[in-house]
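The residues making up each chain are set out below.
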Amino acid sequence: LEQATKATLFSDVCEQKTVQAVVRLPFTVDGQHAYPSPAGILDTFRAIHPECDIPEQVLSGLAQLIRAMSPQQRGQWATLHAEDWWWVMQPQGPHHYSTPEEISAAVRKLEPLLRSFPYPPSLVTIAR
């Protein structure tokens, strides 16, 4: 989205409004879940800058991403602030936040590897 609309939606004049609109896309004005169509998303952005030209593939992808969001992801998205817009722009959408049980299960899978170290590790960072 940003690459295609650098001169319009992401210009210095429009960027803040665009980011706010992106963060609000999955919700109605009263906070209910929204499922915008590609045309609806285009209308939202054209209200910010009438000359923006967004490829259909980008609009469809963004609409599909929003439709596929789980209730937990919508909850996470609802906590985003406008300055967090880049989280939204990641191809995988909002990041998954693991539960303590999921983290424990992942660590248990790594135990054989950790046991193979000649000495206990000082710090292990796990990123997925």
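Look a little higher up for the structure.
Now for a description of the structure that goes with this document. This structure is a prediction, so every number in the text was calculated from the model and none was measured. (Residues numbered from 1 in each chain as written. Predicted model: local features only at pLDDT ≥ 70, side-chain atom pairs only at ≥ 80, totals over all residues. Heavy atoms only, no water.)

With respect to the overall build of the protein
Secondary structure assignment for the protein yields six helices and zero strands. Helices and strands in the protein line up, N terminus first, as α-α-α-α-α-α. The proportion of buried residues among the 128 residues of the protein is 30%. Across the protein, contacts joining residues at least 24 apart in sequence account for 53% of those joining residues at least 6 apart. Split by element, the accessible area of the protein, about 8800 Å² in all, is 56% carbon and sulfur. (Helix = DSSP H or I, 4+ residues; strand = E, 2+ residues; numbered from the N terminus. Buried < 20%, exposed > 50% of the residue type's maximum accessible area, 1.4 Å probe, protein only. Contact = heavy atoms within 4.5 Å. Areas by Shrake-Rupley, 256 points an atom, 1.4 Å probe, with all protein chains shown as cover.)

Some words on the packing of helix α2 (residues 38–48) against helix α3 (residues 56–67)
Running from N to C, α2 and α3 cross one another at 110 degrees; their axes reach a closest spacing of 8 Å. Considering their axes alone, α2 and α3 lie roughly perpendicular with respect to each other. In this structure, α2 contributes P38, I41, L42 and F45 to the contact, and α3 contributes E56, L59, S60, L62, A63 and I66. When its residues are assigned to classes, the contact of α2 with α3 shows eight nonpolar, one polar and one charged. (Axes fitted to C-alpha atoms, helices over the stretch in contact; angles between N-to-C directions. Parallel < 35°, antiparallel > 145°, perpendicular 65-115°, else oblique. Nonpolar A, V, L, I, M, F, W, Y, C, P; charged D, E, K, R; others polar.)

Topic: α2
Residues of α2 that are buried: P38, I41, L42, F45 and I48. Buried positions in α2, seen along its axis, are confined to an arc of 110 degrees and lie on one side of it. The exposed residues of α2 that point more than 90 degrees off its buried face are D43 and A47. As for α2, its buried residues are in contact with α1 (15–24) and α3. (Arc of directions from axis to C-beta.)

Quick word on the packing of α1 against α2
Interaxial distance between α1 and α2 falls to 10 Å at its minimum, and their mutual angle equals 155 degrees. One element, α1, and the other, α2, form an angle in the roughly antiparallel class. The two elements α1 and α2 cross, and the hand of that crossing is right-handed. Within the contact between the two elements, α1 uses K17, T18, A21 and V22 and α2 uses T44, F45 and I48. Split by residue class, the contact of α1 with α2 holds four nonpolar, two polar and one charged. (Left-handed = near helix turned anticlockwise from the far one by under 90°.)

Examining the side chain of S11
Within the secondary structure, S11 sits in the segment before α1. Within polar-contact distance, the side chain of S11 engages the backbone oxygen of T8 at 2.9 Å. Contacts of S11, omitting those with residues within four sequence positions, involve T5 and K6. (Polar contact = N/O pair within 3.5 Å; in protein donor to acceptor, adjacent residues only side chain to side chain.)

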